[in-house]
Amino acid sequence: MPNFDTCKKCGKPLGSDDIAIYRKMVLRCAEEFLCIDCLAEYLGVSRQAIEDRIRYYRESGTCMLFR
């Protein structure tokens with residue numbers, strides 16, 4: 001059963017950015033997600049790097065996940 005409500009690692013509530021960036025960077029058809037903090041840890045990058053990438057996709061207007 002899909003879980004669009006909470007992070008699959010820490011249980012933190014998810015927002016639309018958490019879901020969109022996970023789908024963009026990990027698996028487009030995902031039905032379970034990591035919050036931004038857990039995703040950053042999983043990818044071995046900083047939270048700021050993930051937030052910068054979200055801002056980039058939103059400002060570029062080219063990614064359907066961030067419209």
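Everything numeric here is computed off the predicted structure, so don't read it as measured data. (Residues numbered from 1 in each chain as written. Predicted model: local features only at pLDDT ≥ 70, side-chain atom pairs only at ≥ 80, totals over all residues. Heavy atoms only, no water.)

K.L.:
Would you explain the packing of helix α2 (residues 36-43) against helix α3 (residues 47-60) in this entry?
P.N.:
Angle between the axes and distance between the axes: these two values describe a pair of packed helices. Close contact between α2 and α3 brings their axes to 8 Å; oriented N to C, the two are set at 110°. With respect to each other, α2 and α3 are oriented roughly perpendicular. Packed against α2, whose contacting residues are I36, D37, L39, A40 and L43, the element α3 presents R47, I50 and I54 at the interface. The class makeup of the residues in the contact of α2 with α3 is 6 nonpolar, no polar and 2 charged. (Axes fitted to C-alpha atoms, helices over the stretch in contact; angles between N-to-C directions. Helix = DSSP H or I, 4+ residues; strand = E, 2+ residues; numbered from the N terminus. Parallel < 35°, antiparallel > 145°, perpendicular 65-115°, else oblique. Contact = heavy atoms within 4.5 Å. Nonpolar A, V, L, I, M, F, W, Y, C, P; charged D, E, K, R; others polar.)

K.L.:
Would you mind showing me how to read the environment of D37 here?
P.N.:
Mapped onto the elements, D37 comes out in helix α2. Each C-alpha atom of the pair D37 and C7 lies 9.7 Å from the other, and the pair is 30 residues apart in sequence. Aside from chain neighbours lying at most four places away, what touches D37 is K12 and R47. Only 2.8 Å separates the side chain of D37 from the side chain of R47, close enough to count as a polar contact. (Polar contact = N/O pair within 3.5 Å; in protein donor to acceptor, adjacent residues only side chain to side chain.)

K.L.:
I'm lost on the pattern of salt bridges in this one. Help?
P.N.:
Once their charged atoms are close, side chains differing in charge can pair, the charge on each being opposite to the other. The final tally for this structure, using the stated rule, is 6 salt bridges. Its salt-bridge partner being D17, residue R58 comes within 2.4 Å of it at the nearest N-O pair. One end of the pair, R58, is in helix α3; the other, D17, is in helix α1 (residues 16-25), with 41 residues separating them in the sequence. A relative accessible area of 23% means that D17 is categorised as partly exposed. The closest approach of N and O atoms between D52 and R55, which form a salt bridge, is 2.7 Å. Taken as a pair, D52 and R55 lie in helix α3 at a separation of 3 residues, close to a single helical turn. Residue D52 is classed as partly exposed on the basis of its relative accessible area of 37%. Taken together, the salt bridges that share partners define one network made up of K12, D37, R47 and E51. (Salt bridge = Lys/Arg side-chain N within 4 Å of Asp/Glu carboxyl O. Buried < 20%, exposed > 50% of the residue type's maximum accessible area, 1.4 Å probe, protein only.)

K.L.:
What exactly am I supposed to notice about the packing of α1 against α3 here?
P.N.:
Packing of α1 against α3 brings their axes to within 11 Å, and their N-to-C directions diverge by 90°. With respect to α3, the element α1 is oriented roughly perpendicular. Counted together, D17, I21, K24 and M25 of α1 and I50, R53, I54, Y57 and R58 of α3 form the full contact between these two elements. Class assignment of the residues belonging to the contact of α1 with α3 gives a composition of 5 nonpolar, no polar and 4 charged.

Nothing here speaks to function; it is geometry throughout.
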